[in-house]
Amino acid sequence: MRSKQLTSSGPARRARGRVVAAAAVAVLALGLSACGGDDPPADADGTQAAPGDGGDISIGLITKTETNPFFVTMREVAAEYAQEQGIQITALAGEFDGDNEGQVQAMENLIAQGVDGIMITPNNSTGVLGAIEQARAQGIVVIALDTATEPEDAVDATFATDNYEAGRLQGAYVRAVLGDEEPRLIMLDGTAGGTVDTFRHDGFLEGFGLEEGDPAILGMENTQGDQNTAQTAMENLLQRNPDVNAVYTINEPAARGGYAAIEARGLTDQVTIGSIDGGCQGVQDVADGRYAATVMQFPAEMVRQGIDAIIQAAEGGEPPSGFVDTGSVVITDEPVDGIESEDTAWGLENCWG
């Protein structure tokens, strides 16, 4: 069952006319993984800082990984927007999707630095609760981006896609494309224990019109949202289920991996693939016919709104609260009745804005 999301609208984005004079942004471009010889020198705690002084307000960003394009976008936008606002941003990440220990270590590093706020995309919705509690006990505003904690009020606020709705839209679209054809579904899930994974999976099944355990679900595998892992999983699933005609994917890297396996078996004409993300590469994949549709998210907006909310609180304004839906849009060049969508031309203009 999907947990009930908080309905508070949270603080709206505010236009800011902040003048940036001598302030420079400090970006921690690397996560907690080992670093090469060309990287900046590491601090005693093993993290790295870029040269330069930041503004009076400091914010930490912790993403699930530093390689997934979705989180790369978040980090890039955070660096650019922080510089515009004259604040300091420190970006950290787990070494892989599911690296809860790495994210806890990142939280502890940021708490020790005394940042004003932390934005985190939790790898595990319960695994970072202790570190979040420590941060909030010290007056640090904590915002979840993209992935809700469990419970959701463990953080001050969540800025994210309504992932249940995004999953529902993907499911409804894929089912509509099948028409009268009996569904034979494979599900390429993400990482067990994450609310994003649960919400999207459950939402897809609702939109598709199936319940968990239905015999129409031929198989499912966790992919950690990774393209290579997804390709291997799909190859294994196809050996047992070559008659598949529909594929759910947790994100676009998983969709690309699944498509590669399906293409290698010569099954592209019989399979409808749906996805979620809306990255520029993913939209191009839809335009090129690799999968039928993707549900676009807006990670840049999550980051900007999160930064605005922390700045507002740090300056004595109202702190953020509740769940803020940053929106989702179906992207396809083959629209179906009853599902609002935009084409890939629109998608390429707006991908991850």
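See the structure printed just above.
**Student:** Could you clarify how one ought to interpret the sheet that holds strand β9 (residues 272-277) in this entry?
**Tutor:** What links the strands of a sheet is backbone hydrogen bonding, and the strands pair in either a parallel or an antiparallel sense. Taken in spatial order, the 7 strands make up an open sheet running β7-β6-β8-β9-β10-β12-β13, and their pairing is mixed. Here the strands that pair on one side only, and so sit at the sheet edges, are β7 (217-222) and β13 (341-342). With respect to the sheet, helix α5 (residues 195-208) is in contact with β6 (185-189), β7, β8 (246-249) and β9, its orientation differing from that of β6 by roughly 160 degrees.

**Student:** When you look at the sheet that holds strand β5 (residues 157-160) in this model, what are you seeing that I'm missing?
**Tutor:** Strand order in the open sheet formed by 6 strands is β2-β1-β3-β4-β5-β11, and the pairing between neighbours is parallel. Edge positions in the sheet fall to β2 (88-93) and β11 (322-325), since each of these pairs with one other strand and no more. Between one strand axis and the next, the sheet turns by 20 degrees as a mean value, whatever way the strands run.

**Student:** Is there a simple way to think about the state of the cysteines in this case?
**Tutor:** Each disulfide is one covalent bond, formed between the sulfur atoms of two cysteines. The final tally for this structure, using the stated rule, is 1 disulfide. One disulfide bridge connects Cys280 with Cys351, the sulfur atoms lying 1.9 Å from each other. As the torsion about the S-S bond is roughly 80 degrees, the Cys280-Cys351 disulfide counts as right-handed. Of this pair, Cys280 sits in helix α8 (residues 280-287) while Cys351 sits in the segment after α10 (344-350), and the two are 71 residues apart along the sequence. We classify Cys280 as partly exposed; its relative accessible area is 38%.

**Student:** Hey, could you run me through the side chain of Thr326 in this one?
**Tutor:** By the element assignment, Thr326 lies in the loop between β11 and β12 (329-331). In this structure Thr326 comes out as buried when scored by relative accessible area, which is 10%. A distance of 3.5 Å separates a polar atom in the side chain of Thr326 from the backbone nitrogen of Thr161.

**Student:** Sorry, what's going on with the nonpolar core here?
**Tutor:** In globular proteins that are soluble, nonpolar side chains generally tend to be buried together. Leu185, Leu188, Phe204, Met234, Val247, Ile262 and Ile273 are the most contacted members of the largest nonpolar core, which totals 33 residues. Looking at this core, the elements that each hand over two or more residues are α4 (163-178), β6, α5, α6 (227-240), β8 and α7 (252-264). Filtering out sequence-adjacent residues up to four positions away, Val247 remains in contact with Gln170, Leu185, Ile186, Leu188, Met234, Ile262, Val271, Thr272, Ile273 and Gly274. Counting 28 residues, the second largest nonpolar core, distinct from the first, contains Phe70, Ala82, Phe159 and Trp352.

**Student:** Where do I start with the packing of aromatic side chains in this structure?
**Tutor:** Any pair of aromatic rings gets described here by the distance separating the centres and the angle formed by the planes. Taken as a whole and judged by the stated rule, the model has 4 aromatic pairs. A ring pair is formed by Phe204 and Phe208, whose centres lie 5.4 Å apart and whose planes are at 20 degrees; its orientation type is stacked. Taken as a pair, Phe204 and Phe208 lie in helix α5 at a separation of 4 residues, close to a single helical turn. Note on Phe204 and Tyr248: the rings are 4.8 Å apart at their centroids and 55 degrees apart in plane angle, and the pair reads as tilted. Of the two residues, Phe204 sits in helix α5 while Tyr248 sits in strand β8, which places them 44 residues apart along the sequence. Of the two residues examined, Phe204 and Tyr248, each falls in the buried class. A network of ring pairs unites the aromatic residues Phe70, Phe71 and Trp352 as a single cluster.

Conventions used here
- Residues numbered from 1 in each chain as written.
- Predicted model: local features only at pLDDT ≥ 70, side-chain atom pairs only at ≥ 80, totals over all residues.
- Heavy atoms only, no water.
- Pairing = 2+ DSSP bridges.
- Helix = DSSP H or I, 4+ residues; strand = E, 2+ residues; numbered from the N terminus.
- Contact = heavy atoms within 4.5 Å.
- Axes fitted to C-alpha atoms, helices over the stretch in contact; angles between N-to-C directions.
- Disulfide = S-S within 2.5 Å.
- Buried < 20%, exposed > 50% of the residue type's maximum accessible area, 1.4 Å probe, protein only.
- Polar contact = N/O pair within 3.5 Å; in protein donor to acceptor, adjacent residues only side chain to side chain.
- Core = buried A, V, L, I, M, F, W, Y, C linked by side-chain atoms within 4.5 Å.
- Phe/Tyr/Trp six-rings, centres within 6.5 Å; stacked < 30°, edge-to-face > 60°.

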